[in-house]
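Topology and contacts: notes
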Amino acid sequence: MKVSVEYQALAPIIILLASGVLSVLVEAFIPRTLRRPIQLMLVLASIVLAFAYVVINATAELAGDPLVNGGQVKGLRELAASGSIAIDGPGMVIQGIILLISFVAALLLAERQIDPQGDAFASRSSTLPGSEDERQFTAQGWLQTEIWPLYLFCVGGLLLFPVSNDFLTMFVALEVFSLPLYLIASMARRRRLLSQEAALKYFILGAFSSAFFLFGAALIYAATSSVNFSTVAVAMENSSQDGLIIPGIGMIAVGLLFKVGAVPFHQWVPDVYQGSPTPLTAFMSAATKVAAFGALLRVFYVAFGGMRWDWRPMMWVVAVLSMVIGSLLAVTQTDMKRMLAFSSVAHTGFILLGVISTSAAGLSSTLFYLLAYGFTSVGVFAIVGLVRDASGEATHLSQWAGLGKKSPWIATIFALFLLALAGIPLTSGFTGKFAVFTAAIDGGATPLVIVAVVASAVAAFFYARVIVLMFFTEPPVDGPSVVVPSALTTVAIGTSAAFTVLLGIAPQPVLDLVINAGLFIR
Amino acid sequence: MIAALIGLPLLGATVLLLGGRRTNAWGHFLAVAMSAASFLLGAFLFLQMAGKSEEEREVGQHLFDWISVGAFQVPFGLHLDQLSIVFVLLITGVGTLIHIYSIGYMEHDPNRRRFFAYLNLFVAAMLLLVLADNYFLLYVGWEGVGLASYLLISFYQQKPTAAAAGKKAFIVNRVGDVGLSLAIMLMFVTFGTVTFEGVNAAAESGSSSAITWIGLALLLAACGKSAQFPLQSWLLDAMEGPTPVSALIHAATMVTAGVYLIVRAHAIFDLSETARTAVVIVGAITLLLGAFIGTAKDDIKKGLAGSTMSQIGYMILAAGLGPVGYVFAIFHLLTHGMFKAGLFLGAGSVMHGMHDDVNMRHYGALRTMMKITYATFGLGFLAIIGVPPFAGFWSKDEIIYVAFSQSMVIGLATLIGAGVTAFYMTRMMAMTFFGEARWEDDVHPHESPAIMTIPMIVLAFGSVFGGMAMLFVGDIEHWLEPVTGFAKPEHSVSHSVLIPITLAVVVGGALFAWLRYGRRPVPVTAPTDVRFLTRAARADAYGDALNEAVFMRPGQYLTRSLIWFDSKAVDGLVSGLAAATGGLSARARRLQNGYVRSYALTMLGGAVLIALVLLLVRL
Amino acid sequence: MNPNNYLILAAILFTIGVYGVLVRRNAIIVFMSVELMLNAANLAFVAAARNTGTLDGLVIAFFVMVVAAAEVVVGLAIIVTIFRTRRSASIDEASLMKY
């Protein structure tokens with residue numbers, strides 16, 4: 001059998017992973033003082049280049065010029081790497097979203113003006129928290145650059161995850177992006193104890209869930225003698241081995257629902273979001289969720305598409321639980337990051353509505369929601385990272401009182417993001433929610449939409465609470481202040497805010513894009 | 001063209017907010033100019049519309065497709081018809097006068113630019129509300145006016161009471177907003193569209209229970225925005241804002257948005273007897289409650305606020321009567337907009353001369369010191385109590401007439417309301433302008449500058465001639481008929497019997513008040529040994545207490561969360577409706593116990609749950 | 001012997017792994033239990049490959065081993081850092097963040 005590799009179609013993934021390898025070499029051979037600028041340029045350049053390739057591929061695709069198996073019919077999507085990877089319309093849209101978010105998040109990770117001691121990461125992750133070593137390294141102004149190779153591998157894995165077309169590739173991609181995340185999560189400069197705890201919890205539960213995923217894949221393989229999604233889909237139609245297939249679907253669902261943070265697989269979300277360095281939280285809450293939903297959509301639309309009458313009720317249960325429990329628990333949170341984490345769980349439930357509708361509208365509305373939510377989420381955590389007092393970030397809700405009087409601009413933009421999360425009209429969140437709800441109603445999930453509306457109403461209260469707190473309360477005497485960040489964070493917040501507003505006021509171009517992206521290749 | 005109506009004030013607000021201090025010197029003139037330009041444009045459009053034949057009057061402007069997903073379309077479209085144009089004229093006309101008045105009133109305020117920016121923002125949002133051609137865009141405007149209203153209520157941020165009032169308005173309005181969003185959702189589910197045109201066309205096809213629920217949700221929305229029972233409590237506190245704001249937002253325009261909403265959604269209410277009855281009951285309760293509160297307030301603005309509640313109660317009641325009432329609800333809304341704005345501006349002028357004292361017990365005998373204010377306030381007074389031929393007479397009389405045609409009880413409620421109105425307004429007149437002077441020592445009352453009195457004079461003209469002009473020249477019944485429908489009430493007490501009765505009740509109320517407050521000296525401090533009813537009225541008829549006890553549990557939590565907002569401790573407590581779920585949430589979060597093994601157990605439980613559901617489906 | 005028995009054995013091993021994660025406190029042992037779950041999956045893949053007569057399962061088993069090795073590296077790194085900070089490998093002690 002002739003093995004061919006479709007380099008152009010795979011270019012975004014290859015660029016990121018190759019840059020990751022290059023980045024390791026930089027870490028090994030370049031003097032310490034030069035590492036940071038070189039690493040940063042490498043990261044940003046590779047993301048931009050990869051994005052350029054995604055755009056080129058997408059344009060070629062739209063023009064009906066198949067990238068790989070030359071001369072195919074117009075509109076037929078592309079399979080690469082002997083059918084293991086599917087670079088199709090929705091896949092490319094998700095890759096594009098991941099790259100946009102990664103670029104913005106990289107700016108946040110690189111920020112070093114917020115903390116007087118340096119950036120958001122421990123000067124050396126090997127030193128003990130509170131030890132003499134750590135003090136010395138901090139005093140000398142050491143900045144670690146090991147996060148960059150990890151970051152590049154992580155983004156590479158994220159790009160591969162939603163376009164994987166068989167369970168093996170998907171499992172490998174899952175681990176490729178998860179392992180770096182576990183490590184970066186443990187590296188916060190402040191509150192290392194929480195940071196390490198977050199990493200431990202994330203790691204153990206992540207490994208636990210991926211074992212479920214793998215075992216599920218093994219069962220599917222045993223039943224259909226293939227792990228390729230299209231083959232699995234065909235084989236399932238005629239298979240009588242329900243005893244393997246049903247548990248297989250369930251276990252794969254466990255693995256993927258864990259990554260998107262759906263109830264009852266959500267308990268890592270608040271702890272990990274709270275403990276991780278805030279720029280990483282911004283990245284995780286957006287990019288990981290986008291990629292995981294991409295993979296979830298592909299698995300359940302392509303591989304299990306024929307079984308949707310079987311798995312839909314299960315997704316109903318999960319979606320309802322996510323919306324209700326996420327909104328409910330956010331109400332009593334007193335820590336800003338935890339509150340946003342529970343809100344992220346609730347949003348997972350809303351996005352699942354789009355998955356459940358299993359239609360073209362469901363797919364395109366989910367893609368739109370992911371883009372809208374991703375940017376809002378990055379922006380919201382970016383601002384959380386700016387509000388600080390002497391001991392680091394001030395994340396307790398009471399510390400945010402009266403922020404609107406001290407820093408009206410930041411408070412206003414934060415309020416904008418919160419309104420978008422709450423789904424108030426003229427923000428991206430509204431358009432996204434609206435599209436998803438519409439698709440769900442068309443798909444016959446009206447009761448779910450009613451639950452979603454009630455959950456949104458509950459959620460609106462805790463977002464409004466923060467806004468009231470910021471604008472209508474007197475600031476505490478020794479309260480925290482908003483640090484003036486460098487251009488990096490400013491650009492990141494500005495971009496997120498711009499997307500949040502633009503997708504609310506004039507969403508049509510993006511809606512057209514996601515609708516034109518078409519369906520997953522089968 | 002229509003978009004420019006909204007665009008002009010929005011541009012003004014943007015320039016003022018982004019321009020910062022640089023615009024301090026000329027910002028207020030820009031704001032006035034933008035508002036006035038919008039008014040002139042509105043007047044032009046009105047004349048153009050009046051020149052057309054009846055069928056061609058309705059015009060739309062499609063700006064762009066806001067959302068278009070699959071079968072679902074939300075156009076960003078505006079729509080100008082006979083109903084919107086009268087609102088445009090009211091909003092921009094009264095708005096411009098109040099802008100001008102504010103130049104004088106806010107002259108010494110360091111934040112004057114910000115004030116004008118918010119005022120322009122309000123005008124833009126309110127215009128969007130009345131010009132939208134679908135419920136979504138209306139919702140945007142609805143939220144926009146709400147935002148402007150909170151910003152302006154808490155404009156004097158240094159005053160804790162003002163900040164608290166802003167919060168209260170914010171929270172109470174959220175309850176109403178839930179109603180509006182529910183209504184929109186229900187409309188979409190039932191009709192598959194949310195444009196006015198689409199809903200009106202499809203209304204017949206909806207199931208009667210869906211129609212009723214939509215109607216009730218709309219009523220909840222209207223209650224929040226228009227301060228109707230049981231969501232009335234915020235309006236009295238909202239008087240903490242600057243007086244021009246009270247005149248424009250909390251008397252003439254924003255609070256009447258609920259009436260607009262109900263009239264706009266008439267296709268829904270036409271079909272549901274239950275929803276209409278609920279509307280009438282809410283209107284009747286509020287009109288009596290507001291008037292009752294007005295009788296005991298010593299604060300001149302709060303007295304007027306109670307009166308606003310009561311008058312809006314009349315409009316809501318009229319709107320709830322169906323096709324026989326819609327036209328008169330709007331008619332009363334328009335006349336009320338003019339005379340109530342005039343009264344508020346008068347109150348502001350009095351405060352201006354009295355060192356911002358709002359306590360009427362410190363006034364007295366001001367008629368000689370403030371001749372113009374006295375005259376304009378007096379004309380407004382005659383209009384609101386309904387003395388012919390002043391504006392309020394025509395509109396209120398029609399409502400009472402229509403109310404009697406529907407039910408004797410409702411008719412009596414409106415009649416009693418008219419009497420109480422005469423009582424509290426006469427009391428206000430007497431305590432402010434008559435009797436002997438009870439001023440504090442260092443107060444030297446003086447007439448306000450011309451820039452403030454001219455708008456008052458213009459509005460006084462409106463109070464005198466507005467009703468006649470609209471009824472006889474403008475023929476408002478037939479002007480609005482194509483939009484709202486109109487029917488003559490079938491059998492009622494005849495006008496020739498009703499008018500003398502009404503006038504007798506009004507004169508009786510006024511005389512009674514005159515005997516108590518005009519003839520006898522008014523004590524400077526409020527007497528404490530008063531009867532229960534007076535105490536109740538002073539405490540806003542125990543509106544807050546009532547909310548707590550009666551308005552279900554959410555109301556109770558709401559009040560508690562207000563206290564919480566004021567305290568510094570943010571821990572543990574919860575807000576608003578979400579608070580109803582607070583206890584549940586506090587218990588549920590115990591599951592998040594921090595132990596990674598227990599999280600793994602939850603996941604295993606989830607896996608079992610998923611397997612169970614998958615297997616159940618198979619069975 | 002019926003090849004399906006291997007699948008059953010794999011399921012039993014997987015269950016033992018889950019049980020270990022749930023009841024053991026020592027982070028290393030929890031971690032080993034996770035590895036046991038992965039290897040149970042591997043056994044299932046190999047058995048299924050034999051059953052179905054395809055090669056995919058065997059290839060996958062190799063991939064999984066590599067991935068598991070990488071996971072060991074990362075996992076041990078995290079556990080060791082925590083051990084150095086807290087002087088304890090109990091995963092129940094790492095429970096500062098809750099509710």
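This part takes up the overall build of chain C. Counting secondary structure elements, chain C contains 3 helices and 0 strands. The linear arrangement of helices and strands in chain C, starting from the amino end, is α-α-α. For chain C, the residues scored as buried account for 39% of the 99 residues in total. At a minimum sequence separation of 6, the contacts of chain C that also span at least 24 residues come to 46%.

A few words now on the nonpolar core. Judged by nonpolar contacts, the single largest core of 472 residues is most densely connected at Phe215 and Leu353 of chain A together with Ala44 of chain C. For this core, the element with the highest residue contribution is helix 7 (residues 192-224) of chain A, accounting for 21 residues. Of the domains in this structure, domain 1 (272-538) and domain 2 (549-618) of chain B are the two that each give at least three residues to this core. If we skip the residues at most four places from it in the chain, Ala44 of chain C touches Phe215, Ala218, Leu219 and Ala222 of chain A together with Leu7 and Ala10 of chain C.

The next point concerns the confidence of the model for chain B. Fine structural detail should not be taken from predicted coordinates in areas where pLDDT scores are low. Residues of chain B with pLDDT of at least 70 account for 88%, and the chain-wide mean is 80. With pLDDT under 50 throughout, residues 548-552 of chain B is counted as low confidence; its partners more than four residues away or in other chains account for 4 contacts.

As a further point, take unusual backbone geometry. Leave glycine aside and you will find that most residues have negative phi; peptide bonds, for their part, are mostly trans. Cis rather than trans, the peptide bond between Val263 of chain A and Pro264 of chain A has omega equal to 5°. Looking at where Pro264 of chain A falls in the secondary structure, it is placed in the loop between helix 9 (242-260) and helix 10 (268-275). At the junction of Pro388 of chain B and Pro389 of chain B, the peptide bond is cis and its omega measures out at 5° in the coordinates. Relative to the helices and strands, Pro389 of chain B is located in the loop between helix 16 (371-385) and helix 17 (391-406). Positive phi is not limited to glycine here, since Ser225 of chain A has a value of about 55°.

Next up on the list: the environment of Ile29 of chain C. All names here are of chain C. With respect to the helices, strands and loops of the structure, Ile29 is situated in helix 2 (residues 27-52). Here Ile29 falls in the partly exposed class, since 15 other C-beta atoms lie within 10 Å of it. Along the sequence, Ile29 and Ser90 sit 61 residues apart, while their C-alpha atoms lie 9.9 Å from each other.

The next thing to look at is the packing of helix 16 (residues 408-422) of chain A against helix 19 (residues 487-505) of chain A. Relative placement of two packed helices is described by the angle separating their axes and the distance separating the axes. Residue and element names in this part refer to chain A. Close contact between helix 16 and helix 19 brings their axes to 10 Å; oriented N to C, the two are set at 45°. The pairing of helix 16 with helix 19 is recorded here as oblique in orientation. Considering the relative orientation of helix 16 and helix 19, their crossing is left-handed. The segment helix 16 lies against helix 19, with Ile413, Leu416, Phe417 and Ala420 engaging Ile493, Ala497 and Thr500. Partitioned by chemical class, the residues of the contact of helix 16 with helix 19 number 6 nonpolar, 1 polar and no charged.

Right, let's get into the interface of chain A and chain C. The partner chain C presents 34 residues to the 32 residues of chain A that form the contact. For the side of chain A that touches chain C, the elements supplying multiple residues, two or more each, are helix 6 (167-185), helix 7 and helix 10 of chain A. Here the residues of the side of chain A that touches chain C are counted per class, giving 23 nonpolar, 6 polar and 3 charged.

Turning our attention to the sheet that holds strand 5 (residues 481-482) of chain A. Residues and elements named next belong to chain A. One open sheet holds the 3 strands; their spatial order is 4-3-5, and the pairing between them is antiparallel. Both edges of this open sheet fall to strand 4 (392-393) and strand 5, since each of them pairs with a single strand only. Alignment of strand 3 (residues 387-389) against strand 4, held across 2 bridges, turns out to be antiparallel. Bridging across to strand 4, Arg388 finds its partner in Glu393.

Here the focus is the environment of Glu436 of chain B. Along the chain, Glu436 of chain B turns up in the loop between helix 18 (408-433) and helix 19 (450-473). Among the residues examined, Glu436 of chain B registers 8 C-beta atoms within 10 Å and is labelled exposed.

A few words on the interface of chain B and chain A. Listed as interface residues are 51 residues of chain B and, on the opposing side, 59 residues of chain A. Counting residues per element, the side of chain B that touches chain A draws most heavily on helix 26 (residues 596-618) of chain B, which supplies 16 residues. Of the residues assigned to the side of chain B that touches chain A, the class counts are 31 nonpolar, 13 polar and 7 charged.

Reading guide: rules and limits
- Residues numbered from 1 in each chain as written.
- Chains lettered and ligands numbered in written order.
- Predicted model: local features only at pLDDT ≥ 70, side-chain atom pairs only at ≥ 80, totals over all residues.
- Helix = DSSP H or I, 4+ residues; strand = E, 2+ residues; numbered from the N terminus.
- Buried ≥ 20, exposed ≤ 12 C-beta atoms within 10 Å, placed from the backbone.
- Contact = placed C-beta atoms within 7 Å.
- Core = buried A, V, L, I, M, F, W, Y, C linked by C-beta atoms within 7 Å.
- Domains from an automatic or database assignment.
- pLDDT = per-residue confidence, 0-100.
- Axes fitted to C-alpha atoms, helices over the stretch in contact; angles between N-to-C directions.
- Parallel < 35°, antiparallel > 145°, perpendicular 65-115°, else oblique.
- Left-handed = near helix turned anticlockwise from the far one by under 90°.
- Nonpolar A, V, L, I, M, F, W, Y, C, P; charged D, E, K, R; others polar.
- Pairing = 2+ DSSP bridges.

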